[in-house]
Amino acid sequence: LLKGYQVGFEMGDTGRACWCLMGRMYHLFFISLALDSIQKELEAATHVLTQLKQDGTQVFIILLLTTVKKRRGLDAEACDDIMDSMLATAASTRAFDMAVYVNLMKLEVFVLFQEWEEAIDVVQKAGNVRLLLPSSFNSVRYTFLEALTYLKAAQSSASGSKKKQMEKCGQKTIQIIRGWVKNGNVNVVHYLYILDAELAVLNGKNKKAKESFNAAITTSSRN
């Protein structure tokens, strides 16, 4: 992606170059590069995109920078305001791709901080993200977080009917991931083990939960 950024500039295709830069930033985030390092790169990228007047790409960089700051506990309220403003703008302009990315980033943060009520609210309002981001690693990540959120909501539910409803939604999403695994996607096997473990916790099967969590750790270190 960094090479694509450089080649784009050499060819005079500034737009494509900046899309490569944005893609690189998101990949660095999802492979868990240290957040302080990502923040420095994002701040530099924002400056570049401002100079090049690439507003369409810059908004995605600002979203990621906002997410990084929130995860680091920096300006949390301001970050919330920025994300809510982005969602409102996306809704008014029918920018569905922007809405999807904002919801993905919001869900990332809520799951990290185990704020399950807020997470389930995002999932229920976001709709079927997979329809808007086909063949994207982002939609795969979102699908895992969606299933995990449903299971956690079921675990914490005091209502039997709500617990059953959340578990049913979680199982439906898990089946999507099972299909990916069946079709040979080794990169989501550990996701499936984690979800199987959480499902076992939900049903009081502690031995099964432990086995599945251990399998997730082993698989993720291999894949």
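Residues numbered from 1 in each chain as written. Predicted model: local features only at pLDDT ≥ 70, side-chain atom pairs only at ≥ 80, totals over all residues. Heavy atoms only, no water.

## Quick look at the environment of Q39
Our working rule: Runs of H or I in DSSP of at least four residues are treated as helices and runs of E of at least two as strands, each being numbered from the N terminus. The contact criterion used throughout is that any non-hydrogen atoms of two residues lie within 4.5 Å. Side-chain atoms alone can form a polar contact between residues adjacent in sequence; in general such a contact is a pair of N or O atoms within 3.5 Å, and within protein one must be able to donate a hydrogen while the other accepts it.
Note on placement: Q39 falls in helix α3 (residues 35–52). Placed 28 residues apart in sequence, Q39 and T67 show a C-alpha to C-alpha distance of 9.7 Å. If we skip the residues at most four places from it in the chain, Q39 touches L65, V68, K69, R72 and L74. Of the polar contacts made by the side chain of Q39, one reaches the side chain of R72; its length is 2.6 Å.

## Comments concerning the packing of helix α10 (residues 160–182) against helix α11 (residues 189–202)
The condition that has to hold: For every element, the axis is a line fit to its C-alpha atoms; helices are fit only across the contacting stretch, and the angle between N-to-C directions ranges from 0 to 180 degrees. For classification purposes, angles smaller than 35 degrees are called roughly parallel, those larger than 145 roughly antiparallel, those between 65 and 115 roughly perpendicular, and all remaining angles oblique. Put simply, a crossing is left-handed when the front helix is turned counterclockwise from the back one by less than a right angle, and right-handed when it is turned clockwise. Polar here means any residue outside two lists: the nonpolar Ala, Val, Leu, Ile, Met, Phe, Trp, Tyr, Cys and Pro, and the charged Asp, Glu, Lys and Arg; Gly therefore counts as polar.
Running from amino to carboxyl end, α10 crosses α11 at an angle of 155°, the nearest separation of the two axes being 10 Å. Relative to α11, α10 is oriented roughly antiparallel. Between α10 and α11 lies a crossing whose hand is left-handed. From α10, K163, E167, Q171, I174, I177, R178 and V181 reach across to α11, where they touch V189, L192, L195, D196, L199 and L202. For the contact of α10 with α11, the per-class residue count stands at eight nonpolar, one polar and four charged.

## A closer look at the side chain of T143
Heads up, the rule is: The cut-offs for exposure are 20% and 50% of the maximum accessible area for each residue type, with area from a 1.4 Å probe on protein chains only; residues under the lower value are buried, those over the upper are exposed, and the others partly exposed.
Looking at the element boundaries, T143 is found in helix α9 (residues 137–155). Look at T143 and you get buried, because its relative accessible area is 0%.

## Points about α11
As a reminder, the rule being used: An expected span of 1.5 Å times one less than the residue number is assigned to each helix.
The end-to-end C-alpha separation of α11 is 20 Å, in line with the 20 Å expected for 14 residues at 1.5 Å each. In terms of residue burial, α11 counts as a mostly covered element, since 11 of its 14 residues are buried. Among all positions of α11, only V189, H190, Y191, L192, L195, D196, A197, E198, L199, A200 and L202 are buried. Of the residues one or two after α11, G204 is the one with positive phi, at around 75°.

## Describing the confidence of the model for the protein chain
What counts, and what does not: Residue-level confidence of the predictor is what pLDDT reports, using numbers from 0 through 100.
With 100% of its residues at a pLDDT of 70 or more, the protein chain shows a mean pLDDT of 91. Of all the helices and strands in the protein chain, helix α1 (residues 2–11) carries the lowest mean pLDDT, 84, while α11 carries the highest, 96.

## Thoughts on the pattern of salt bridges
We count it as follows: We define a salt bridge as a contact between a side-chain nitrogen of Lys or Arg and a carboxyl oxygen of Asp or Glu at a distance within 4 Å.
Across all of its chains, the model carries eight salt bridges by this definition. One salt bridge connects E108 with R141, and the closest N-O pair in it is separated by 2.6 Å. One end of the pair, E108, is in helix α6 (residues 96–112); the other, R141, is in helix α9, and 33 residues separate them in sequence. Notably, a salt bridge pairs K125 with D121, separated by 3.3 Å at the nearest N-O pair. Of the two residues, K125 and D121 are both situated in helix α7 (residues 116–126); the distance of four residues between them amounts to about one turn of the helix. We classify K125 as exposed; its relative accessible area is 65%.

## So, the nonpolar core
Convention followed: We call a set of buried Ala, Val, Leu, Ile, Met, Phe, Trp, Tyr and Cys residues a nonpolar core when their side-chain atoms join them within 4.5 Å.
Counting residues in hydrophobic clusters, the biggest one holds 61 residues, and the most contacted among them are Y26, L42, L63, M105, L107 and L195. Excluding its chain neighbours within four sequence positions, the residues that come into contact with L63 are Y26, M83, M86, M98, Y101, V102 and M105.

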